[in-house]
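# Notes for the structure review
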Amino acid sequence: MGRACVAGLAVVAALAGCTVQTPGGEGEHRSPVHIERPDDTPAPGRTPAGGGAEPRSAPPSHDGKPPAAPTPSRVLWSRGDTGRDVRELQARLRQVAWLFEGPTGTYDEPTQRAVSGFQGKRGLPRTGRTDTVTWQRLLAMTREPGRWDLYLMGGQQADPPDARCRSGRVLCIDKTSRTLRWMIDGRTVSTMAVRFGSSGTPTREGVFSVYWKSRDHVSTLYDSPMPYAMFFSGGQAVHFSADFAARGYAGGSHGCVNVRDEAAIAALYAQVRDGDKVVVSW
């Protein structure tokens, strides 16, 4: 009779779409009938198909190899390097007050000291060489330098000369590249960086001639020295400027054409004659 009852229950369960469960593995008795839900979602406590406990996430595999060492920083520039990238480095170091000279475009001793100081302040190895880590830190703290930040103290290339400069003896002055070419019969003898008047006292443009030279001139209007002055338009002259030598393009003149290289303008002054042409153009 007992066997017949069990068999009957099994038939009923099969017809109802159920499965018969045996007691749990630890002696815990569960309901002998487990009903499948219409949406086929496992009921609480159900084991996955195939039986057994639900698998846990496997621990990370280890192949026995040590973790890879971090890639060492690559040196980008160091003492003795030159070029536009070194100018940018120097211009950015000026922005954070680690360098007060240049930019010169040459990775010199002051640049090396500035880089070393910047590195030490930020807990980086004080090598004085600009590696990728140092460069990224400096980039994050500074802005993109403009052209006249890169050439604050001169050193820029001159643009091609104005057509009016290609004959005779000419002081060919270009406001765009901020340069002066001393030219004789179309040949450039020397080139130097210059700066001009501010917006309130602009340097006049046009074709002029040197009408007076004054070696140790002092401005009567501004009471300022104008050594190696070569006057070409009223009170405007080409002359050496100690302020330009010290501050670069951070300053400006009262309309004169300033030269910062005293040796260069001394040589120019010795060659230029009264009556030589002066061309000032954009």
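Attention in this report is confined to the structure presented alongside it. Please read all numbers here as calculations on a predicted model, not as lab measurements.

Bringing unusual backbone geometry into the picture now. Cis geometry is found at the peptide bond from Gly102 to Pro103, where omega equals 5°. Here Pro103 shows up in the loop between α2 (84-95) and α3 (109-121). Here Asp223, not a glycine, exhibits a phi torsion of approximately 50°, which is positive. Examined against the element boundaries, Asp223 turns out to sit in the loop between β9 (212-218) and β10 (225-233). Asp223 gets classed as exposed once you look at its relative accessible area, which sits at 64%. One non-glycine residue with positive phi stands out, namely Tyr228, at about 60°. With respect to the secondary-structure elements, Tyr228 resides in strand β10.

Attention shifts here to the nonpolar core. Counting residues in hydrophobic clusters, the biggest one holds 22 residues, and the most contacted among them are Leu171, Ile173, Leu180, Met230, Val238, Leu268 and Val278. Among the elements of the structure, β5 (169-174), β6 (179-184), β7 (187-195), β10, β11 (236-240), β12 (257-259), α7 (262-271) and β13 (277-281) are those that each provide at least two residues to this core. Beyond its immediate stretch of four places on either side in the chain, Val238 contacts Ile173, Leu180, Tyr228, Ala229, Met230, Phe232, Val257, Val259 and Ile265. By size, the runner-up hydrophobic cluster in this structure holds 11 residues, among which are Leu99, Tyr107, Ala114 and Leu138.

Between α2 and helix α4 (residues 132-141), the least distance of the axes is 10 Å, while the angle of their chain directions is 55°. In terms of orientation, α2 lies oblique with respect to α4. Crossing hand, α2 versus α4: left-handed. Contacts between α2 and α4 involve Glu88, Leu89, Arg92 and Leu93 from the former and Trp135, Leu138 and Leu139 from the latter. A class-by-class count of the residues in the contact of α2 with α4 yields five nonpolar, no polar and two charged.

Read across the open sheet, the nine strands follow the order β8-β13-β5-β6-β7-β12-β11-β10-β9; overall the sheet is mixed. The sheet is open, and its two borders are formed by β8 (206-209) and β9, each paired with just one other strand. Ignoring strand direction, the axes of neighbouring strands in this sheet form an average angle of 30°. As judged from the four bridges shared by β8 and β13, these two strands associate in the antiparallel manner. When the bridges of β13 are listed, Val207 appears paired with Val279. The strands touched by α7 are β5, β6, β7, β9, β10, β11 and β12; relative to β10, the strand with the most contacts, the crossing angle is about 45°.

By the element assignment, Ala266 lies in helix α7. Relative accessible area serves as the criterion here: at 25%, Ala266 is assigned to the partly exposed category. Expressed as a C-alpha distance, the spacing of Ala266 and Ala229, which sit 37 residues apart in the sequence, is 10.0 Å.

Following the criterion strictly, the structure yields seven aromatic pairs and no others. Seen from their ring centres, Phe244 and Tyr249 are 5.2 Å apart, and the 55° between their planes marks the pair as tilted. Judged on exposure class, the residue Phe244 and its partner Tyr249 are both buried. Cation over ring: Arg178 sits above Tyr249, and NZ or CZ is 4.7 Å from the ring centre.

Definitions and cut-offs
Residues numbered from 1 in each chain as written. Predicted model: local features only at pLDDT ≥ 70, side-chain atom pairs only at ≥ 80, totals over all residues. Heavy atoms only, no water. Helix = DSSP H or I, 4+ residues; strand = E, 2+ residues; numbered from the N terminus. Buried < 20%, exposed > 50% of the residue type's maximum accessible area, 1.4 Å probe, protein only. Core = buried A, V, L, I, M, F, W, Y, C linked by side-chain atoms within 4.5 Å. Contact = heavy atoms within 4.5 Å. Axes fitted to C-alpha atoms, helices over the stretch in contact; angles between N-to-C directions. Parallel < 35°, antiparallel > 145°, perpendicular 65-115°, else oblique. Left-handed = near helix turned anticlockwise from the far one by under 90°. Nonpolar A, V, L, I, M, F, W, Y, C, P; charged D, E, K, R; others polar. Pairing = 2+ DSSP bridges. Phe/Tyr/Trp six-rings, centres within 6.5 Å; stacked < 30°, edge-to-face > 60°. Lys NZ or Arg CZ within 6 Å of the ring centre and 35° of its normal.

As far as function goes, none of this settles anything; it's purely spatial.
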